[in-house]
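Observations on the three-dimensional arrangement
Single-letter residue listing:
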Amino acid sequence: MYLKCILYLLLLALPLSGYATNYYISSSGSDANNGLSLLTPWQSISRLNSIRFSAGDSILFKGGATFTGNLYFHQGNIDTSGTSSTPIIITSWGTGKAVIAADTSYGLYAHNIGGIEVRSLAFTGSGYAQNKDHGILFYNDLPGDVKLQHVYIDDVEVQGFMKAGISIGSNNGNSGFSDVRITRAIVHDIGSEGINSWGQFNQQKQGYSHQNIYVGNCHVYRVFGLPLPDNHSGSGIVISDVDTATIEHCVVHTSGMNNLHCGGPVGIWAWDANKVTIQFNEVYNMSAGRGCDGGGFDLDGGITNSVMQYNYSHDNDGPGYLVAQFEWARPMVNNVVRYNISENDGRKNNYKGITLWVADKNNNGGNQDLLVYNNTIYADRRFAPTGGGLRIMSANHRNISFHNNIFYTVNGAALIEATDTTNQLAFSNNFFYSHNSEPLIQWGDTVFTSLVAFKENYKLMPNEEEMVVLTADPGLKEPGNGKTLGYPLDLAKLTAYRLEPHSPLIDKGVNLQDTLPVSPATHDFFKNPLAQGEQPDIGAAEYTEPIIYQSLLYYTLKMDGTKRSNIKPGLRVNIVLKEDQRSGELTEGYVDKILTNSPAHPHGIKVRLETGEVGRVKEILEEE
């Protein structure tokens, strides 16, 4: 075994043959070496920057060591660009991450170059107040709408830079980058923005600079913002000028403190983009600084065919979920906000859990065709003094629908506040509940303290039944006690906002499957499955039955009652009748007919017993 280890180390020490080359850099090396093995490493970044690289090459810094300087890759030092199969890799070797100490400049700058992977490195600037650049910047200004392929950034830590921690940028028509992945990045103590993408903006532009950007499992915090009176600053993750992107499993918090601009920082957001999915993220403690916003999540100007889903926003200055169309943006149409949770957002500036806004001129049609459904919004005025359920801040909202949402306010927080009453809005199967105070709705200049009076005056809710329940407790677990989950994120650890067995919201939603502009949701916030074609619950959580075991004359088969394939006429079952849903009382009998068409239903397959009684199967009983 000892001889095998020696042989392995000797093989590593030898330069590799073939087209690809490994270059080694160590603080104990020498720039007089050839840099081609562990035994003959270079010492400095300046020596590295003098080399011409080719596809498949690897640049390996000694782990745990610090290297002063700035990595610069450009067409002058790249003979052949890397590809997805033969990328140029920049990483650490040995134990720990190598540190690139960039001082007042950039950590890594790749100009008009793709096919690069940056892995397992730390980039440190001189501090966001002293540094003048980005941590990692990929920038394309080639003519001819060129998309440079394959930029992967994984397992990096970036701190102490003035501009963005990680930036994907372009400024020449639709030239940009495609196949970009930013994963497991820890970005903190930054000036302007944590992670971003951007391009050459023009309201008349056709197409996008970037394609297929993925940001996942990242942690962004203490993005302080810069005191700029004419631009927002301090956002965590913001992508723009991209066609198809996903941001997921990320945590952003404690940012935006130095912002001055009204139209300011947001934790995670997208603008001027198409087909963006923002999901499975947590944002908290975002600040508006001395400006505005400071919210959790945002679909903003010129966004189309995009969705915010399965996110957790709490304790932010601004709205939990903002949909906004700014002046001179491209058209904004066909977006969805669903299965999200907001707790005590809107700490200042009169924002609510969900907030909509459109500029009053040059808005390119305003906010069109927005669907907001199955979200849970909670606001306690003690902790979010200006917070509440829903705020409509402007006119120019067209074909906006709200379905199956929970708006739960405490201690006088407003359920709805609409500055303009001329918008095209539709409400159905939403649950409005105000605890410890009368319901508060401000609709234009009129204030309502009764949902019935509001409905009768404005006809926004089609009928009394579709308003569901006005005053009864919604039966949520631990409302107001969501707490911080943190990084790495596991949303399943959130115990609050699930439905109790007695909740009046079970099976009270409206089925939207045939009306969606995007693919239907297949599960709720907690990843409980949704039965397609069936009536869902109201809110972000779909109720699931606890597993019950019975050991007297009969025993229960685990979860069988939720699968249609396990239910057959003549089978002995326990069902819960609709009138017994709150109490959970079971009725025993034999199945006469199966009424559920879908292959599964999380609340149990609906059947008719031989006695004529109808309910959902909770237990399948077999004789011992």
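See the structure printed just above.
My aim in this report is to walk through the structure given alongside it, one point at a time. Bear in mind that the values here come from a model prediction, so they are computed numbers and not experimental data.

The rules behind the values
Per chain, residues are indexed from 1 in the order of the written sequence. Since the coordinates come from a predicted model, pLDDT governs what is reported: local features require at least 70, and pairs of side-chain atoms require 80 or more to be given and counted, while whole-chain, interface and lining totals use all residues. Excluded from the side-chain calculation are hydrogens and water; included are all heavy atoms of the structure. Ring pairs are drawn from Phe, Tyr and Trp, using the six-membered ring of Trp, whenever the two centres fall within 6.5 Å, and their geometry is named by plane angle: stacked under 30 degrees, edge-to-face over 60, tilted for the rest. Only DSSP runs of H or I with at least four residues qualify as helices, and only runs of E with at least two residues qualify as strands; both kinds are numbered from the N terminus onward. Only protein chains enter the accessibility calculation, which uses a 1.4 Å probe; a residue is then buried when its area is under 20% of its type maximum, exposed when over 50%, and partly exposed in between. By the criterion adopted, a ring carries a charge over it if an Arg CZ or a Lys NZ lies within 6 Å of its centre and within 35 degrees of its normal. At least two DSSP bridges between two strands are needed for those strands to be called paired. Think of a 1 Å grid over just the protein atoms. A cavity is a set of points where a 1.4 Å probe fits yet cannot get out, a pocket is an open set with protein on both sides within 12 Å along at least five of seven lines, and lining residues have an atom within 4 Å of a point. Grid points are joined across faces, edges and corners, and a volume is the space filled by probe spheres set on the points. Each residue receives one of three labels: charged for Asp, Glu, Lys and Arg, nonpolar for Ala, Val, Leu, Ile, Met, Phe, Trp, Tyr, Cys and Pro, and polar for the others, Gly being one of them. Take a side-chain nitrogen of Lys or Arg and a carboxyl oxygen of Asp or Glu: if they are within 4 Å of each other, that pair is a salt bridge. Any two cysteine sulfur atoms lying within 2.5 Å of each other are counted as a disulfide. Comment: arc refers to directions from the helix axis out to C-beta atoms. The term polar contact refers here to a pair of N or O atoms within 3.5 Å; inside protein, the definition further demands a hydrogen-donor-capable atom paired with an acceptor-capable atom, and it admits residues adjacent in sequence only when both atoms are side-chain atoms. Contacts were defined at the residue level, with two residues in contact if any of their heavy atoms lie within 4.5 Å. What we call a nonpolar core is a set of buried Ala, Val, Leu, Ile, Met, Phe, Trp, Tyr and Cys residues that are connected through their side-chain atoms within 4.5 Å.

**Regarding the packing of aromatic side chains**
Using the criterion set out here, one finds 27 aromatic pairs in the structure. Between Tyr 23 and Phe 53, the ring centres sit 5.4 Å apart and the planes meet at 90°, which makes this aromatic pair edge-to-face. Placement of Tyr 23 in strand β1 (residues 22-25) and of Phe 53 in the loop between α2 (45-48) and β2 (58-62) is noted, with a sequence separation of 30 residues between them. In terms of burial, Tyr 23 and Phe 53 fall into one category: buried. Among the aromatic residues, those joined into a ring-pair cluster are Tyr 378, Tyr 408, Phe 431, Tyr 433 and Tyr 497. For Arg 181, the ring lying beneath its charged end belongs to Tyr 214, and the centroid distance is 4.4 Å. Between Lys 527 and the ring centre of Phe 280, over which it is positioned, the NZ or CZ distance is 4.8 Å.

**Focus on the pairing of strand β31 (residues 376-380)**
The buried fraction of β31 amounts to five of the five residues, a majority that puts the element mostly inside the structure. Burial along β31 is two-sided: the residues Thr 376, Tyr 378 and Asp 380 and Ile 377 and Ala 379 are all buried. Bridge count between strand β28 (residues 341-343) and β31: three bridges; the pairing is parallel. By the bridge assignment for β31, Glu 343 is matched with Tyr 378. Looking at chain direction, β31 and strand β34 (residues 406-410) are connected through five bridges and run parallel. Bridge pairing in β34 links Asp 380 to Val 410.

**As for empty space enclosed by the protein**
As enumerated under the stated definition, the model contains one cavity of 30 Å³ or more in all. Considered as a void within the structure, the largest cavity measures approximately 220 Å³ in volume. The wall of the largest cavity is formed by 20 residues, among which Tyr 339, Asn 511, Ala 521, Leu 530 and Pro 536 lie closest to the centre. For the lining of the largest cavity, a count of residues per class yields 10 nonpolar, eight polar and two charged.

**A closer look at the pattern of salt bridges**
Taken as a whole, this structure holds 17 salt bridges when the rule is applied. Here Arg 616 and Asp 507 are joined by a salt bridge, their closest N and O atoms 3.2 Å apart. Taken as a pair, Arg 616 in strand β44 (residues 614-623) and Asp 507 in the loop between α3 (451-458) and β40 (554-556) lie far apart in primary sequence, 109 residues in all. Using a relative accessible area of 6% as the deciding quantity, one classes Arg 616 as buried. When the shortest N-O distance is used, the salt bridge between Arg 608 and Asp 592 registers 3.4 Å. Of this pair, Arg 608 sits in strand β43 (residues 606-609) while Asp 592 sits in strand β42 (residues 587-594); the two residues are 16 residues apart in sequence, bridging distant segments of the chain. We classify Arg 608 as partly exposed; its relative accessible area is 30%. Residue Asp 592 is classed as partly exposed on the basis of its relative accessible area, which comes to 38%.

**A closer look at the state of the cysteines**
All chains considered together, the criterion is met by one disulfide. Free of any disulfide, Cys 218 has its nearest cysteine sulfur in Cys 250, 4.4 Å distant. On the basis of relative accessible area, Cys 218 is assigned to the buried category, the value being 0%.

**A short note on α3**
Among the residues of α3, those classed as buried are Leu 451, Phe 454 and Lys 455. An end-on view of α3 places all buried positions within 95° of arc, on one side of the element. Regarding α3, its N-cap is Ser 450, as a side-chain oxygen of that residue lies 3.2 Å from the backbone nitrogen of Ala 453 further along.

**Brief notes about the layout of surface pockets**
Size it by volume and the largest pocket reaches roughly 770 Å³. What lines the largest pocket is a set of 33 residues, and nearest its centre among them are Glu 193, Asn 231, His 232, Gly 263 and Trp 269. Secondary structure elements with two or more residues in the lining of the largest pocket: β16 (193-198), β19 (235-248), β21 (266-279) and β26 (321-325). In the lining of the largest pocket, the residues fall into 17 nonpolar, 10 polar and six charged.

**Digging into the environment of Ile 247**
In this fold, Ile 247 is placed in strand β19. Sequence spacing of Ile 247 and Ile 268 is 21 residues, and the spatial spacing of their C-alpha atoms is 8.2 Å. Each residue touching Ile 247, except ones within four places of it in the same chain, is listed here: Val 215, Ile 237, Ile 239, Ile 268, Trp 269, Thr 277, Ile 278, Gln 279 and Asn 281.

**A word on the pairing of strand β8 (residues 116-119)**
Two strands pair when backbone bridges link them, and strand β5 (residues 88-93) and β8 are joined in this way by three bridges, in the parallel orientation. Among the inter-strand pairings, Ile 88 is bridged to a residue of β8, identified as Ile 116. For β8 and strand β11 (residues 147-154), the ladder comprises four bridges, and the chain directions are parallel. What sits directly across from Ile 116, in β11, is Val 151.

**Details of the side chain of Ser 192**
The residue Ser 192 is located in the loop between β15 (186-190) and β16 in this model. For Ser 192, a relative accessible area of 17% translates into the label buried. Leave out the neighbours within four places in its chain, and Ser 192 touches Met 162, Lys 163, Val 223, Leu 226, Ser 233, Gly 234 and Ser 235.

**Considering the nonpolar core**
The biggest cluster of nonpolar side chains holds 92 residues, and the ones touching the most others in it are Phe 61, Phe 123 and Phe 138. Here Phe 138 is in contact with Leu 108, Ala 110, Ile 113, Ile 116, Val 118, Val 151, Ile 153, Ser 167, Ile 168, Gly 169 and Phe 177, once residues within four sequence places are set aside.

**Section: unusual backbone geometry**
A cis amide bond links Tyr 487 to the next residue, Pro 488, at an omega of -5°. Phi angles above zero are rare outside glycine, and Asn 364 is one such case at about 55°. Here Asn 364 lies in the loop between β29 (354-358) and β30 (367-373).

Interpretation note: all reported values are geometric properties and have no functional meaning in isolation.
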